[in-house]
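# Geometric and topological summary
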Amino acid sequence: VKEGSSDIFAESLQLRRGKGVSIGSLGEREAEGQEVTNVLFRDISSDHCVHGVRIKTWKGARGLVQNATFERFRVADVMVGILIDQTYCPPSQRPEGCASEDATAAIRIQQVRFRDFSGTFQQMDRKVLCSACDDVTYENIALRPAGPAIPQRAGSVYRFSR
């Protein structure tokens, strides 16, 4: 899902060996006005994908991801179950880096819900790199390591706001 997208509804998808469900990347080259709003993904199966869900925004960009819901996901052997990354700036694409005059510049991520996730991951259940996130919730997340046990966070409900 890329910038300018709104009112997206996707249901009963089976994803295999890809990147998984993704919003972004948004905001390359410190772009402004990057918006994605009103997104619902429901009943999704991700098998051997990189992510179950990823929201990826470039460092220094401006815009908004708002009102996105991801529910009833079944993942199998994904690398990361849920990823929110507001620090994206790979040296392979930006060898000069992503220095911004405004160190706090980031695409705002708000009102995002992750509900009813189950299955297995290879590296981690979730990774959250947020500097401008508000009202991001995780409910009933039951992801477990695909291989040897890796310590997990306790509890199944988590709310993140800044």
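What comes next concerns the included structure. (Residues numbered from 1 in each chain as written. Predicted model: local features only at pLDDT ≥ 70, side-chain atom pairs only at ≥ 80, totals over all residues. Heavy atoms only, no water.)

## Regarding the overall build of the protein
The helix and strand inventory of the protein stands at 0 helices and 8 strands. Each helix and strand of the protein, placed in order from N terminus to C terminus, yields the pattern β-β-β-β-β-β-β-β. Taken over 162 residues, the protein has a buried fraction of 46%. In the protein, the share of contacts with a sequence separation of at least 24, taken over all contacts with a separation of at least 6, comes to 85%. Of the roughly 8200 Å² of accessible surface on the protein, a fraction of 46% belongs to carbon and sulfur atoms. (Helix = DSSP H or I, 4+ residues; strand = E, 2+ residues; numbered from the N terminus. Buried < 20%, exposed > 50% of the residue type's maximum accessible area, 1.4 Å probe, protein only. Contact = heavy atoms within 4.5 Å. Areas by Shrake-Rupley, 256 points an atom, 1.4 Å probe, with all protein chains shown as cover.)

## Brief notes about the state of the cysteines
Applying the stated criterion to the full structure yields 1 disulfide. Disulfide pairing is shown between Cys130 and Cys133; the S-S distance is 2.0 Å. Around the S-S axis, the bridge from Cys130 to Cys133 shows a dihedral of about -60 degrees and counts as left-handed. Judged by relative accessible area, Cys130 falls into the buried class, the value being 9%. (Disulfide = S-S within 2.5 Å.)

## Overview of the nonpolar core
Ranked by internal contacts, the top residues of the largest apolar core, which has 32 residues, are Ile55, Phe70, Ile84, Phe114 and Phe117. Elements with a minimum of two residues in this core: strand S2 (21–26), strand S3 (34–47), strand S4 (51–58), strand S5 (63–88), strand S6 (108–129) and strand S7 (133–145). Sorting elements by how many residues they give to this core places S5 first, with 8 residues. Those residues in contact with Ile55 that sit more than four places away from it in its chain are Ile23, Val65, Phe70, Leu83, Ile84, Asp85, Ile109, Val112 and Phe114. (Core = buried A, V, L, I, M, F, W, Y, C linked by side-chain atoms within 4.5 Å.)

## Considering the pattern of salt bridges
Under the counting rule described, the total for this entry stands at 8 salt bridges. One salt bridge connects Glu71 with Arg42, and the closest N-O pair in it is separated by 2.8 Å. Residue Glu71 is found in strand S5, and its partner Arg42 is found in strand S3; the two are separated by 29 residues along the sequence. A relative accessible area of 10% places Glu71 in the buried class. Arg72 is paired through a salt bridge with Asp43; the nearest N and O atoms lie 2.7 Å apart. (Salt bridge = Lys/Arg side-chain N within 4 Å of Asp/Glu carboxyl O.)

Honestly, that's just the spatial picture; any functional story needs more than this.
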